[in-house]
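Residue-level listing of the chains:
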Amino acid sequence: MRILGYLFIGIFFGIVMFKSEAASWFRIYEMFRFESFHMYGIIGSALIIGVIGIQIIKRNKLKDFQGETIHIADKNKSFSRYMYGGIIFGLGWALAGACPGPIYTLIGAGYVSVIVVFLAAVFGTFVYGLLKDKLPH
Amino acid sequence: MENILQPWPWYVAGPLIAVVMFLLIFMGRQFGMSSNLRTICTMCGADKTSGFFDFDWKAQRWNLVVILGAVLGGFIAMNFLTADPAVAINPETVSHLNELGFESAGKAYLPDELYSLEALTDFKALSILIIGGILIGFGARWAGGCTSGHAISGLSNLQLPSLIAVIGFFVGGLLMIHLLFPLIF
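Residues numbered from 1 in each chain as written. Chains lettered and ligands numbered in written order. Predicted model: local features only at pLDDT ≥ 70, side-chain atom pairs only at ≥ 80, totals over all residues. Heavy atoms only, no water.

**Considering the nonpolar core**
With 109 residues, the main nonpolar core has Trp-25 and Trp-93 of chain A together with Phe-31 and Tyr-115 of chain B as its most contacted residues. With residues near it in sequence (within four places) discarded, Trp-93 of chain A still touches Ile-28, Met-31, Phe-32, Ala-98 and Cys-99 of chain A together with Ile-136, Thr-147, Phe-169 and Phe-170 of chain B. (Core = buried A, V, L, I, M, F, W, Y, C linked by side-chain atoms within 4.5 Å. Buried < 20%, exposed > 50% of the residue type's maximum accessible area, 1.4 Å probe, protein only. Contact = heavy atoms within 4.5 Å.)

**Structural notes on the packing of helix 4 (residues 80-96) of chain A against helix 9 (residues 160-184) of chain B**
The geometry of helix 4 of chain A relative to helix 9 of chain B is characterised by a closest axis approach of 6 Å and an angle of 45° between their N-to-C directions. The angle between helix 4 of chain A and helix 9 of chain B places the two elements in the oblique class. Handedness of the crossing formed by helix 4 of chain A with helix 9 of chain B: right-handed. Considered class by class, the residues forming the contact of helix 4 of chain A with helix 9 of chain B number 21 nonpolar, five polar and no charged. (Axes fitted to C-alpha atoms, helices over the stretch in contact; angles between N-to-C directions. Helix = DSSP H or I, 4+ residues; strand = E, 2+ residues; numbered from the N terminus. Parallel < 35°, antiparallel > 145°, perpendicular 65-115°, else oblique. Left-handed = near helix turned anticlockwise from the far one by under 90°. Nonpolar A, V, L, I, M, F, W, Y, C, P; charged D, E, K, R; others polar.)

**Considering the UniProt feature "transmembrane region" (unreviewed entry) in chain B**
Residues and elements named next belong to chain B. Taking the numbering used here, the UniProt-annotated feature "transmembrane region" (unreviewed entry) corresponds to residues 12-28, 62-81, 125-143 and 163-184. For residues 12-28, the end-to-end C-alpha separation is 25 Å, with 88% helix and 0% strand making up the annotated structure. With 95% helix and 0% strand, residues 62-81 has end C-alpha atoms that lie 26 Å from one another. (UniProt positions renumbered as here; feature names shortened; annotations may be inferred.)

**Some words on the interface of chain A and chain B**
On the side of chain B, 126 residues touch chain A, which itself brings 110 residues to the contact. Here chain A packs against chain B, burying approximately 10600 Å² in sum over the two surfaces, 78% of which is carbon and sulfur. Taken together, the connections running from chain A to chain B amount to zero salt bridges. For the side of chain A that touches chain B, the secondary structure elements donating two or more residues are helix 1 (2-19), helix 2 (25-32), helix 3 (38-59), helix 4, helix 5 (102-108) and helix 6 (114-131) of chain A. Tallied by class, residues from the side of chain A that touches chain B come to 69 nonpolar, 26 polar and 15 charged. (Buried area = accessible area lost by both parts, 1.4 Å probe. Salt bridge = Lys/Arg side-chain N within 4 Å of Asp/Glu carboxyl O.)

**Focus on helix 8 (residues 147-156) of chain B**
An α-helix turns once per 3.6 residues; consequently, residues spaced three or four apart project the same way. With 10 of 10 residues buried, helix 8 of chain B lies mostly within the body of the structure. Taken residue by residue, helix 8 of chain B has Thr-147, Ser-148, Gly-149, His-150, Ala-151, Ile-152, Ser-153, Gly-154, Leu-155 and Ser-156 of chain B as its buried positions. Residues of helix 8 of chain B that are buried sit in contact with helix 3 and helix 4 of chain A together with helix 2 (10-26), helix 7 (123-143) and helix 9 of chain B.

**What about the UniProt feature "transmembrane region" (unreviewed entry) in chain A?**
Residues and elements named next belong to chain A. Taking the UniProt record as the reference, the feature "transmembrane region" (unreviewed entry) is found at residues 38-57, 82-103 and 109-131. What you have in residues 38-57 is 100% helix and 0% strand, and the ends, taken at the C-alpha atoms, are 28 Å apart. Regarding residues 82-103, the helix share stands at 77% and the strand share at 0%, and the terminal C-alpha atoms are separated by 22 Å.

**A few points about the pattern of salt bridges**
With the rule as written, the count across this model stands at four salt bridges over all chains. Put simply, Arg-27 of chain A and Glu-30 of chain A hold a salt bridge, and the shortest N to O gap is 2.8 Å. Taken as a pair, Arg-27 of chain A and Glu-30 of chain A lie in helix 2 at a separation of three residues, close to a single helical turn. The burial state of Arg-27 of chain A is the same as that of Glu-30 of chain A; both residues are buried. Salt-bridge contacts for Lys-48 of chain B lead to Asp-47 of chain B; the nearest nitrogen and oxygen are separated by 3.9 Å. Judged by relative accessible area, which is 32%, Asp-47 of chain B ranks as partly exposed.

**Comments concerning the packing of aromatic side chains**
Per the stated rule, a full pass over the model turns up 30 aromatic pairs over all chains. Aromatic pair Phe-52 of chain B and Phe-53 of chain B: ring centres 5.0 Å apart, planes at 70°, arrangement edge-to-face. Classification of Phe-52 of chain B by relative accessible area gives buried; the value is 13%. Residue classification places Phe-53 of chain B among the buried residues on the basis of a relative accessible area of 0%. A cation over an aromatic ring shows up here: Arg-81 of chain A above the ring of Tyr-82 of chain A, its NZ or CZ 5.7 Å from the ring centre. The ring of Phe-52 of chain B carries Arg-38 of chain B above its face, with NZ or CZ at 4.5 Å from the centroid. (Phe/Tyr/Trp six-rings, centres within 6.5 Å; stacked < 30°, edge-to-face > 60°. Lys NZ or Arg CZ within 6 Å of the ring centre and 35° of its normal.)

Next up, the structure:
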């Protein structure tokens, strides 16, 4: 049953990504040119609700569907990995115009070429795994 | 129904993305898409090459089901919930893209110049897809997350590391669009 839950969450996410045009290369390009509020509105409104909701969860020690108290782990403190890794990701995000969620949505929508981006992203992840210990974190 | 077939405005889409994040939190999980790429590496046997891939990938099966759903969601949205996939971006953006050689700007969901089947036989277009994908995979794992893990989940939890990562995303994106695009296209 739980697996169906994840499947429906994924379907819902895929529909939202496609219908909001957050999966469109053109919207990403437009965002980085500051010529539309659309993408900022999406991220901003998700964040306002996200910040409020997570504060409510934490302050009231809410439980998840299995009855476990929800614990959201803090990210490890550091600078290099987030800044350098972030810049590399941003270069790819703007060039291919897709981030790791919409990649799947676009493949489902029938854009066969996006499979190339997906396979290259798997390869990029693999290369990171090989070089990890040599990179600043 | 007519409204559903049109592009969804930001004030609908943003809150719905927050709903996705909260559903996963209440399932006892976290919203983060790029970690699936690492899981896929391990499934393909990468755990023999680096300790980074030596983990119990089966514990991540739930997230693979989420991305399978995202594929189905894309299919459903494109085929049953969309009247016209063309993205109505700012006319100024369209004219900039026309100058760079993107004739499909304003007329398609993805640029034909990069993502049509014919473009797969174009060396430059194919290189762009491959280099873009490698940067996405490499950068997301180095930064420990992508747009979903940092810009949505991390910032919602007021994480300073996620703010640094998101600033990095924008530094990289702005460099690409404003400095490198005029050289590439």
